[in-house]
Amino acid sequence: MSLIDLRSDTVTRPGPEMRRVMAEAEVGDDVFRDDPTVDRLENLAAGMLGKEAGLFVASGTQSNLCALLTHCGRGDEYIVGQQAHTYIHEGGGGAALGGIQPQPLDLEADGTLNLQKVESLIKPDDYHYARTRLLCLENTTNGRVLPGGHAEEARALVDRHGLSLHLDGARLFNAAVRADRPVTELAAPFDSVSICLSKGLGAPVGSVLTGSADFIVEARRWRKVVGGGMRQSGLLAAAGIHALEHHVERLVDDHANARRLAEGLAREEGCEVDMELVQTNMVYVRLPEEKRDELPGRLKERGILVYPGNPMRLVTHLDVSPADIERVVEAFTGIL
Ligand SMILES: *Cc1c(COP(=O)(O)O)cnc(C)c1O
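Each chain has its residues counted from 1, following the order in which its sequence is written. Note on the predicted model: pLDDT of at least 70 is required for a residue's local features to be given, and 80 or more for side-chain atom pairs to be given and counted; whole-chain, interface and lining totals, by contrast, use all residues. Side-chain figures throughout are based on the complete set of non-hydrogen atoms in the structure, without hydrogens or water.

Q: So what exactly am I meant to see when it comes to the packing of aromatic side chains here?
A: Working definition: an aromatic ring pair is given by the centre-to-centre distance plus the angle between the planes. The pairing test for Phe, Tyr and Trp rings, Trp by its six-membered ring, is centres within 6.5 Å, and the orientation test on the planes gives stacked under 30 degrees, edge-to-face over 60, and tilted for anything in between. Taken as a whole, this structure holds zero aromatic pairs when the rule is applied. Two limits define a charge over a ring: the Lys NZ or Arg CZ must be within 6 Å of the ring centre, and within 35 degrees of the ring normal. The lysine or arginine in question, R231, covers the ring of F32, its NZ or CZ lying 5.7 Å from the ring centre.

Below, the structure written as structure tokens:
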């Protein structure tokens, strides 16, 4: 029985074709700027996002950290969603390593920030306050696509106040595919955009930070400082190129599988699924009280891996098929 892993879209294993291009990649020492495959990946990602330059980094966390360190200095401040990955799931790196103060505020139900509140949080130019430098958004957030127009309004706001605008676009391609908009359009309002190759795109490692040529020169310095200078990383970049060339359009399959899963679970006695939230590859299901605790263990006996939680988050990806979705729904039916 094959394992069905719904814990995250980070669990995908590189397939034979991806492994082949990795094995055959032309490499050099990227710290010497000698690795042609890394250059190709950085140019490809930047081009796809409509930015001047890109920087291949080890992870999304490192990407957002390099962005923070580039946009902000010690004693500066960035405004960010209280539930945003950059604020809550990245170990406070901006504060720990950059002396950058976060100013968090609650995300709205649709994943946006209330821009009036954001504006009221921008500090006056007065030495009692940290200097507000940056606003950070996320797309997708918990599988939801940032509503159209929000990023453009955020752009107008930062322009009024001389701030920069960063996007944690770990799953930006999911958003573009779902919204049926060119990813360049979703990236356009931002000074810098980070994308993950190792989530739904199915590469084993890596993210790319993109922005202006000058921004990336500075971010490249910070990547080195945080220990992210890699050598023959063309091996990994080759997987990223393969992911960008072959795994973007197929994200519609993951979204269809998530919808199928959501519909199946919504029919289960005692389960609640907010279908509004099922926009890309994530399903959040509220479980019946009496089964909540045993469910992950019982699913595991049937070869299905999930994280405990209520609502429970289930994530579809490259290694989950429509037949797997059927098996998962049947398992829920059996257990519940
Ligand atoms: C996964 C993720 C990141 C960064 O992830 P790494 O695990 O460090 O690669 C950043 N933002 C969001 C929204 C994510 O989901």
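After that view, the rundown keeps rolling.
Q: What should I look at first to understand the site of the ligand in this one?
A: When we say a residue is near a molecule or strand, we mean one of its heavy atoms is within 4 Å of it. Taken together, the residues surrounding the ligand are S59, G60, T61, N64, H85, E90, E138, D168, A170, R171 and K199. Note that an oxygen atom of the ligand is positioned 2.8 Å from one of the backbone N or O atoms of G60. Pairing of N or O atoms within 3.5 Å defines a polar contact, subject to two protein rules: one partner must be a possible hydrogen donor and the other a possible acceptor, and residues neighboring in sequence count only if both atoms are side-chain atoms. Separating an oxygen atom of the ligand from a side-chain N or O atom of K199 is a distance of 2.8 Å. All accessible areas in this document rest on Shrake-Rupley with a 1.4 Å probe, and a residue is counted as covered only by the protein chains that are shown. In isolation the ligand exposes 380 Å². Once the protein is present, 81% of that is buried. Strands are runs of DSSP state E lasting at least two residues, helices are runs of H or I lasting at least four, and both sets are numbered from the N terminus onward. The element best represented in the shell around the ligand is helix α3 (residues 60–71), accounting for three residues. Of the residues contributing to the shell around the ligand, the split by class is one nonpolar, five polar and five charged. Gly is put with the polar residues, along with every residue not named as nonpolar or charged; the nonpolar set is Ala, Val, Leu, Ile, Met, Phe, Trp, Tyr, Cys and Pro, and the charged set is Asp, Glu, Lys and Arg.

Q: Sorry, what's going on with the environment of I100 here?
A: By the secondary structure assignment, I100 is in the loop between α5 (93–98) and β4 (101–105). A residue is classified by how much of its surface remains accessible, and I100, at 1% relative accessible area, is buried. As a C-alpha pair, I100 and T132 span 32 residues in sequence and 9.8 Å in three-dimensional space. Throughout, a residue-residue contact means that at least one pair of heavy atoms, one from each residue, lies within 4.5 Å. Leaving out residues up to four positions away in the same chain, I100 has contacts with L68, L69, C72, G73, D76, E77, Y78, G94 and A95. Note on classification: 1.4 Å probe, protein chains only; a residue is buried when its accessible area is under 20% of the maximum for its type, exposed when over 50%, partly exposed between these limits.

Q: How do you make sense of the domain arrangement of the protein when you look at a structure like this?
A: It is common to give the size of an interface as the accessible area lost on bringing the parts into contact. An automatic or database domain assignment supplies the start and end points of every domain. Each domain of the protein was delimited in the assignment, giving domain 1 (16–246) and domain 2 (250–335). When each unit is reduced to the centre of its C-alpha atoms, the spacing between domain 1 and domain 2 is 29 Å. On the side of domain 2, 13 residues touch domain 1, which itself brings 14 residues to the contact. When domain 1 packs against domain 2, close to 1200 Å² is buried across both sides, 56% of that on carbon and sulfur atoms. Summed over the shared surface of domain 1 and domain 2, the number is five residue pairs in polar contact (both at pLDDT 80 or more). Counting residues per element, the side of domain 1 that touches domain 2 draws most heavily on helix α8 (residues 172–179), at four residues. Residue composition of the side of domain 1 that touches domain 2, grouped by class: four nonpolar, seven polar and three charged. What gets called buried area is simply the loss in accessible area from a 1.4 Å probe that two parts show on being joined, summed for both.

Q: Explain the environment of D9 here, please?
A: Along the chain, D9 turns up in the loop between β1 (4–5) and α1 (16–24). Placed 253 residues apart in sequence, D9 and A262 show a C-alpha to C-alpha distance of 16 Å. Aside from chain neighbours lying at most four places away, what touches D9 is R171, S198, K199, G200, N281, V315, T316 and H317. Of note is the side chain of D9, whose polar atom sits 2.8 Å from the side chain of R171. One polar contact links D9 to N281, side chain to side chain, over a distance of 2.9 Å.

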